[in-house]
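# Descriptive analysis of the structure
The chain contents come next:
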Amino acid sequence: LGWRSHPHTSPRERTMLSSSSCSTNARVSPSLARRSMNKTRTRAARAARTVVSTLPSLPLNTKEQIEQAAGAIEAALRDGKTTQAIELNLPLIGATDLDDWPGGIRQQYGALAPMVSEVLRLINAGAEGTCQQRVIDDADAVAALTLGSDVVVSFPTAEVLDDLRAIENKNDFRLKIIANPQWNTKGAIIGDFGFGPWKRQAEEFVGKFEQTYYLKEQRIQGEIVRTLKVYPNKWQVFALAPNENNKIVAEALGEFDERPLYDQLKKLLESREGSIAAMNWVERAKREATFNAKSLQAPPNQE
């Protein structure tokens, strides 16, 4: 991939990044784009005959998450949304006791790239060739991954907005997607997009990319919460906690028209009866010690 050496990235991690399922220097054929569009219309016609009457459930593993994300992207495409944003919850690879991602953003790319490649494969069923990639910013693991006539840009930052504009303006692409963007537009007086007219122009541009899929896990005052958005449904929030058999289960906490932020999630967790988030630090420490003790007594998982 041409990634520059980094003091916190081991040779093994660099090898893992460079051997992802995408190849370099992507080019999109207009004829392939037309064939891909025809295939999508056929799949859309089949999907239109399926009536979904329930809210999407929280995916239990990475495979389910990928399939759910692909379904959301295709549903949005059927509604004419060709510029989309997705956020994928990354499985930990190479985590240590002190740091989930000791290799930083490059290590995260090693988890994201295979997931994006599989999403592209699912929304391009029958497409020839393999996923291709072109590095945009090696320092921040920003890359354009393409298959058929669709492109996904990984970890876009404010520094690559001009590259994103060039991709967004290309008519060769059927779908233009950003995955796990790294910019921050809230909280700071001067955010990643600067201030004044520059900030307004940047926010108007990134606003074109509609959030069609989002799954993110957060730990808030001793509780694990996951936020889910599956187009065209509302935002959902789930709390993860052990049941009486010490198995982690998801509890649906509610639906929202807009993505709930940290403070909203904290209040939502604290409002629940028996909430861990509402406990003081001593009570939380005791509860966690009890959970750990039960976990050690449980028989090994045979799955």
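Relevant structure appears above.
Overview of the structure. (Residues numbered from 1 in each chain as written. Predicted model: local features only at pLDDT ≥ 70, side-chain atom pairs only at ≥ 80, totals over all residues. Heavy atoms only, no water.)

### Here's the deal with the overall build of the chain
Summing up its helical and strand segments, the chain has 8 helices and 10 strands in all. Looking at the 303 residues of the chain, the share that counts as buried comes to 41%. Of all intrachain contacts in the chain linking residues separated by at least 6 positions in sequence, the fraction that spans at least 24 positions is 60%. On the chain, roughly 17000 Å² of surface is accessible, and the fraction owed to carbon and sulfur atoms is 49%. (Helix = DSSP H or I, 4+ residues; strand = E, 2+ residues; numbered from the N terminus. Buried < 20%, exposed > 50% of the residue type's maximum accessible area, 1.4 Å probe, protein only. Contact = heavy atoms within 4.5 Å. Areas by Shrake-Rupley, 256 points an atom, 1.4 Å probe, with all protein chains shown as cover.)

### Some remarks on the side chain of Gln65
Tracing the backbone shows Gln65 in helix H3 (residues 62–78). The class of Gln65 is buried, set by a relative accessible area of 3%. Those residues in contact with Gln65 that lie beyond four places of it in its chain are Pro59, Leu88, Asn89, Met115, Tyr213 and Leu215.

### Quick notes on the environment of Ala144
Relative to the helices and strands, Ala144 is located in strand E4 (residues 142–147). Classification of Ala144 as buried rests on a relative accessible area of 4%. In this structure the C-alpha to C-alpha distance between Ala144 and Ser154, which are 10 residues apart in sequence, comes to 6.6 Å. Setting aside residues no more than four positions away along its own chain, Ala144 makes contact with Gln132, Gln133, Arg134, Ile136, Val151, Val152, Val153 and Ile167.

### Brief notes about the packing of aromatic side chains
Overall, the coordinates contain 3 aromatic pairs when judged by the stated rule. On the numbers, 5.5 Å between centres and 55° between planes, the contact of Trp183 with Phe193 is tilted. Within this pair, whereas Trp183 is found in the loop between strand E6 (175–179) and helix H6 (196–206), its partner Phe193 is found in the loop between E6 and H6, the two being separated by 10 residues in sequence. The buried category is assigned to Trp183, whose relative accessible area is 15%. Seen from their ring centres, Tyr214 and Trp235 are 5.1 Å apart, and the 65° between their planes marks the pair as edge-to-face. Note that Tyr214 is positioned in strand E7 (residues 210–220) and Trp235 in strand E9 (residues 235–242), a separation of 21 residues in sequence. The exposure class assigned to Tyr214 is buried, which follows from its relative accessible area of 6%. (Phe/Tyr/Trp six-rings, centres within 6.5 Å; stacked < 30°, edge-to-face > 60°.)

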